[in-house]
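# Chain and residue survey
So you can see what is in the structure, the chains are spelled out below.
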Amino acid sequence: MVPGSTVNGMGAVARPRWLRRFVPRPGARLRLLCFPHAGGAASAFHGLARALPEEIEVVAVQYPGRQDRLHEPVPAGLAELAQEVLRAVEAPFDRPTAFFGHSMGALVAYEAARRLEPRFPSPLAALFVSACKAPGEREPRGFTFSQDEMRAYLGELGGAGARAVEDEELWQLVHPVLSGDLRLTERYRHVAGAPLTCPVIGFAGESDAAATPGDVALWGDYGIGKTEVNVLPGGHFYYEQSLPALAAELSRRMGELPLTRG
C-alpha cells in the first residue's frame, strides 16, 4: 500500500487527496472519473454527481495547486499530471469505468487513458471528451500570462468562472491557478501513437468558439470507431445550463457501451 493511502474502492488503493466523491455510491454498477478544466477543481462536477442515476458513481479528480491542495506543486507537464492521476487511481479498476474530461481535462483524461496497461479490450469503457480540440490539432496561443490577458481569456470563455474577474479578492486566488494550468496546455505537444482501444465520444457547446463541434469531431482519429459529437445548448461551459441533458446523454451512452472490467 502507498504510504498515507487508503482503500477506497477505486481499484485497490488511492491517495485520498487526488479524488473526490460528492455523492458516494459504493453499490453503483458503473463509475465515471471526471477531470476538470484549466483553473477548475473537482467541485465542478458536484452537480453532475447528483444528476446522474444511482447506477453511476462520479469520482472527480482534484489537481494539486488549488482549494485544499493549494500549496502542493503542480507537475511540470500535462502528461506527468496524467501519470500522477493514474498512480492515485491504481488501476485495474474494480468496476466498469469511463473517463470524462472537460476542456484541459479532456487532454489529461486522454493522456491518462493512453497510459493504462496496453491491451485489447481496453480496461477503460469509454473516453468522453468535452469542449476540447483534438490533441494533434492544438496550437500554442502564445500567452504572456499577464493578469489583463488572463482576465480577457476567462471573459471570452464565459460561464460562472468569468465572474471571478469582477471580484478582486477572488481573482487573486483564481489567477495563479488558471495561469499554472494554461502553462501546462501551452507546453503540451501530442506524441503520435496507436489510437485508444475504447470509444471516444465528444460533447460540445453549440456556441463555443474555443472548441466548436467541428473541432471536437476531430477526436475521431484517437479511438476506435467514429467519434460522435453531442452538441448541447451553451458555450464553453455548456453544462452550466444543459446539465440535465448532459447527464441524460452520459447515462444513455454508458448504458449502451460494451463495458469491460480491468
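Residues numbered from 1 in each chain as written. Predicted model: local features only at pLDDT ≥ 70, side-chain atom pairs only at ≥ 80, totals over all residues. Heavy atoms only, no water.

## So, the confidence of the model for the protein chain
Taken residue by residue, the protein chain gives an average pLDDT of 87. The fraction at 70 or more is 89%. Across residues 1-14, where pLDDT falls below 50, the model places 42 contacts with residues more than four positions away in sequence or in other chains. (pLDDT = per-residue confidence, 0-100. Contact = heavy atoms within 4.5 Å.)

## Re the pattern of salt bridges
According to the stated counting rule, one finds 17 salt bridges in the structure shown. Between Glu54 and Arg25 there is a salt bridge, with its nearest N and O atoms 3.7 Å apart. Residue Glu54 is located in the loop between α1 (46-51) and β3 (56-61), and its partner Arg25 is located in the loop between β1 (19-20) and β2 (30-35); the two are separated by 29 residues in the primary sequence. What makes Glu54 exposed here is its relative accessible area of 57%. Arg253 serves as the salt-bridge partner of Glu249, at 2.9 Å between the closest nitrogen and oxygen. On the criterion of helical spacing, the pair formed by Glu249 and Arg253 is a turn pair, its members being four residues apart in helix α7 (residues 239-256). In this structure, Glu249 and Arg253 share a single accessibility class: buried. If you follow the salt bridges from partner to partner, you end up with Glu228, Glu249, Arg252, Arg253 and Glu256 in one network. (Salt bridge = Lys/Arg side-chain N within 4 Å of Asp/Glu carboxyl O. Helix = DSSP H or I, 4+ residues; strand = E, 2+ residues; numbered from the N terminus. Buried < 20%, exposed > 50% of the residue type's maximum accessible area, 1.4 Å probe, protein only.)

## Let's talk about α7
Between its first and last C-alpha, α7 extends only 22 Å over 18 residues, short of the 26 Å set by a 1.5 Å rise per residue. The largest bend in α7 is about 45°, located at Ala245. For α7, the full list of buried residues reads Tyr239, Ser242, Leu246, Ala247, Glu249, Leu250, Ser251, Arg253 and Met254. (Expected span 1.5 Å × (residues − 1). Bend = angle between axes of the 7 residues up to and from the residue.)

## Here's the deal with the packing of helix α4 (residues 147-157) against helix α5 (residues 168-187)
Close contact between α4 and α5 brings their axes to 10 Å; oriented N to C, the two are set at 90°. Between α4 and α5, the angle falls in the class roughly perpendicular. Across the interface between the two elements, Gln147, Met150, Arg151, Tyr153 and Leu154 from α4 touch Glu168, Trp171, Gln172, Val174, His175, Leu178, Ser179 and Leu182 from α5. Each residue belonging to the contact of α4 with α5 can be placed in one class, and the counts come to seven nonpolar, four polar and two charged. (Axes fitted to C-alpha atoms, helices over the stretch in contact; angles between N-to-C directions. Parallel < 35°, antiparallel > 145°, perpendicular 65-115°, else oblique. Nonpolar A, V, L, I, M, F, W, Y, C, P; charged D, E, K, R; others polar.)

## Describing the side chain of Ser130
Inspection of the secondary structure puts Ser130 in strand β5 (residues 126-130). In this structure Ser130 touches Phe100, Gly101, His102, Ser103, Ala106, Phe203 and Tyr238, once residues within four positions along its chain are discounted.

## Quick word on helix α2 (residues 78-89)
One turn of an α-helix holds 3.6 residues; hence residues three or four places apart share an orientation. Taking 1.5 Å of rise per residue, 12 residues should cover 16 Å, and α2 covers 17 Å from first to last C-alpha, within 8% of that figure. Burial in α2 covers these residues: Leu78, Leu81, Ala82, Val85, Leu86, Ala88 and Val89. On an axial view of α2, the arc spanned by its buried residues comes to 160°, and they lie on one face. At its buried positions, α2 is contacted by β1, β2, β3, α3 (104-114) and α5. (Arc of directions from axis to C-beta.)

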